[in-house]
Amino acid sequence: MDKLVIASASAIGALLLGSAALPPRAFSSASSPSAPPLFAQSQLKLGPGARVPTQFGPYWGPYLGPRSLKPPEPAEPPPPPTPKEALRDGVLIVVSLVSQRAFVFRKGAEWDSTDVSTGKPGKDTPVGSFTILQKKVLHRSTLYDDAPMPYMQRITWDGVALHAGRVPGYPASHGCIRLPKAFAQKLYGITNFSSTIVVVTDQRLSSAHEARKLA
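Being a predicted model, the structure only gives us computed values, none of them experimental.

K.L.:
In this structure, what is going on with the nonpolar core? I would like to understand it.
P.N.:
Ile93, Val95, Ile177, Leu179 and Val198 are the most contacted members of the largest nonpolar core, which has 23 residues in total. When residues of this core are traced back to their parent elements, those giving at least two are strand E3 (91–96), strand E4 (101–106), strand E9 (161–164), strand E10 (177–179), helix H3 (181–188) and strand E11 (196–201). Per-element accounting of this core gives the leading share, four residues, to H3. Filtering out sequence-adjacent residues up to four positions away, isoleucine 177 remains in contact with Val95, Val116, Ser117, Thr118, Thr125, Ile155, Ala161, Leu162, His163 and Val200. One finds Ala86, Ile197, Val199 and Leu205 within the second-largest nonpolar core, a separate group that totals 11 residues.

K.L.:
Can you help me understand unusual backbone geometry in this one?
P.N.:
Note on backbone geometry: most residues besides glycine have negative phi, and most peptide bonds are trans. Even without being glycine, glutamine 100 reaches a positive phi, approximately 55 degrees. Counting through the fold element by element, glutamine 100 comes out in the loop between E3 and E4. Assessed through its relative accessible area of 6%, glutamine 100 is described here as buried. One non-glycine residue, tyrosine 151, adopts positive backbone phi at about 55 degrees. The buried category is assigned to tyrosine 151, whose relative accessible area is 15%.

K.L.:
How should I be thinking about the sheet that holds strand E8 (residues 152–154) in this particular structure?
P.N.:
Within a sheet, each strand pairs with its neighbour through backbone hydrogen bonds, oriented either parallel or antiparallel. Taken together, the four strands give an open sheet; going across it, the order is E7-E8-E9-E10, and neighbouring strands pair in mixed fashion. The sheet terminates laterally at strand E7 (134–136) and E10, the two strands that pair on one side only. Across the sheet, the axes of successive neighbouring strands diverge by a mean angle of 15 degrees, strand direction being ignored. Summarising the sheet, E7 and E8 pair through three bridges and their orientation is antiparallel.

K.L.:
What is the right way to read the environment of serine 99 from this model?
P.N.:
You can see serine 99 is positioned in the loop between E3 and E4. Sequence separation between serine 99 and serine 206 is 107 residues; the distance between their C-alpha atoms is 7.2 Å. Reaching out from serine 99, the side chain makes a polar contact with the backbone nitrogen of leucine 205 at a distance of 2.8 Å.

K.L.:
Help me out: how do you make sense of the sheet that holds E3 in this one?
P.N.:
With respect to topology, five strands assemble into an open sheet ordered E5-E4-E3-E11-E6, the strand pairing being mixed. Of all strands in the sheet, those bounded by a partner on one side alone are strand E5 (109–115) and strand E6 (128–131). Adjacent strand axes in the sheet meet at a mean angle of 20 degrees, parallel and antiparallel pairs treated alike. Of the pairings in the sheet, the one linking E6 to E11 comprises four bridges and is antiparallel in character. Residue threonine 131 lies in a different strand from E11, and its bridge partner there is isoleucine 197. Contacts between H3 and the sheet are confined to E3, E4 and E5, with E5 contributing the most and set at about 150 degrees to the helix.

K.L.:
When you look at the packing of aromatic side chains in this model, what are you seeing that I'm missing?
P.N.:
Where two aromatic rings form a pair, the distance of their centres and the angle of their planes describe that pair. Counted according to the given criterion, the structure contains two aromatic pairs. Ring centres 5.8 Å apart and planes at 70 degrees place the aromatic pair tryptophan 111 and phenylalanine 183 in the edge-to-face group. A residue pair is termed long-range when its members are at least 10 positions apart, and tryptophan 111 in strand E5 and phenylalanine 183 in helix H3 qualify at 72 residues. Look at tryptophan 111 and you get partly exposed, because its relative accessible area is 25%.

K.L.:
Explanation requested: the confidence of the model for the protein in the structure shown.
P.N.:
Low-confidence regions, as indicated by low pLDDT, have predicted coordinates that should not be scrutinised in detail. For the protein, mean pLDDT is 80; residues scoring 70 or higher make up 66% of the total. Scored below 50 in pLDDT, residues 26–33 shows five contacts in the model against residues more than four places distant or in partner chains. With pLDDT under 50 throughout, residues 35–43 is counted as low confidence; its partners more than four residues away or in other chains account for 11 contacts.

K.L.:
Sorry, what's going on with the pairing of E3 here?
P.N.:
It is a general feature of regular strands that their side chains alternate between the two faces of the sheet. Burial analysis of E3 places six of its six residues in the buried class, the great majority of the element. Covered by surrounding structure in E3 are Val91, Ile93 and Val95 together with Leu92, Val94 and Ser96, the residues of both alternating faces. With six bridges connecting them, E3 and E4 associate as antiparallel partners. What sits directly across from valine 95, in E4, is alanine 102.

Parameters at a glance
- Residues numbered from 1 in each chain as written.
- Predicted model: local features only at pLDDT ≥ 70, side-chain atom pairs only at ≥ 80, totals over all residues.
- Heavy atoms only, no water.
- Core = buried A, V, L, I, M, F, W, Y, C linked by side-chain atoms within 4.5 Å.
- Buried < 20%, exposed > 50% of the residue type's maximum accessible area, 1.4 Å probe, protein only.
- Helix = DSSP H or I, 4+ residues; strand = E, 2+ residues; numbered from the N terminus.
- Contact = heavy atoms within 4.5 Å.
- Pairing = 2+ DSSP bridges.
- Axes fitted to C-alpha atoms, helices over the stretch in contact; angles between N-to-C directions.
- Polar contact = N/O pair within 3.5 Å; in protein donor to acceptor, adjacent residues only side chain to side chain.
- Phe/Tyr/Trp six-rings, centres within 6.5 Å; stacked < 30°, edge-to-face > 60°.
- pLDDT = per-residue confidence, 0-100.

Written as structure tokens, this is what we have:
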């Protein structure tokens, strides 16, 4: 009986030692053909709400699908203000071709006025409402012999701008609106692209009160 007990105990001990020596079973596609590779997420057919394994362990959040690499659509620029909005909240510049005068309003109040020189016959300054498209302190004309245009503020892409220049008291430019240099410098400091409107009119204007009515 004692020999039988010893033999049974030895057999049980050998069995326990053998099971402890066995290597742990690795989870792989080789050991389990029906199981998908742990990290090959691109091969998984996943739908909304699926649970995805990762290299750091199972991810138990919802599967959100592949990240889109398409860049966001650029935002549309805001529309320019109307003359009335520029008069109220920004800068409104009213230029009279007949009077050769410019009247400037800032946030509803008269800011200043000045004599100007606009386009001579055949090089007429266009009539209408314009925004400031470009600003440059030291600019030279690419159309007229590299002529200097200090404190240039472009209002059309074909070359019309506000800038400092000779103001003889009559239309003498190639289409631009010439201003006295000191005035052009001050005006350059208060205008911007988003809240400044330039109204050019062929009406005669003798006062800021009359100019304000064009907004």
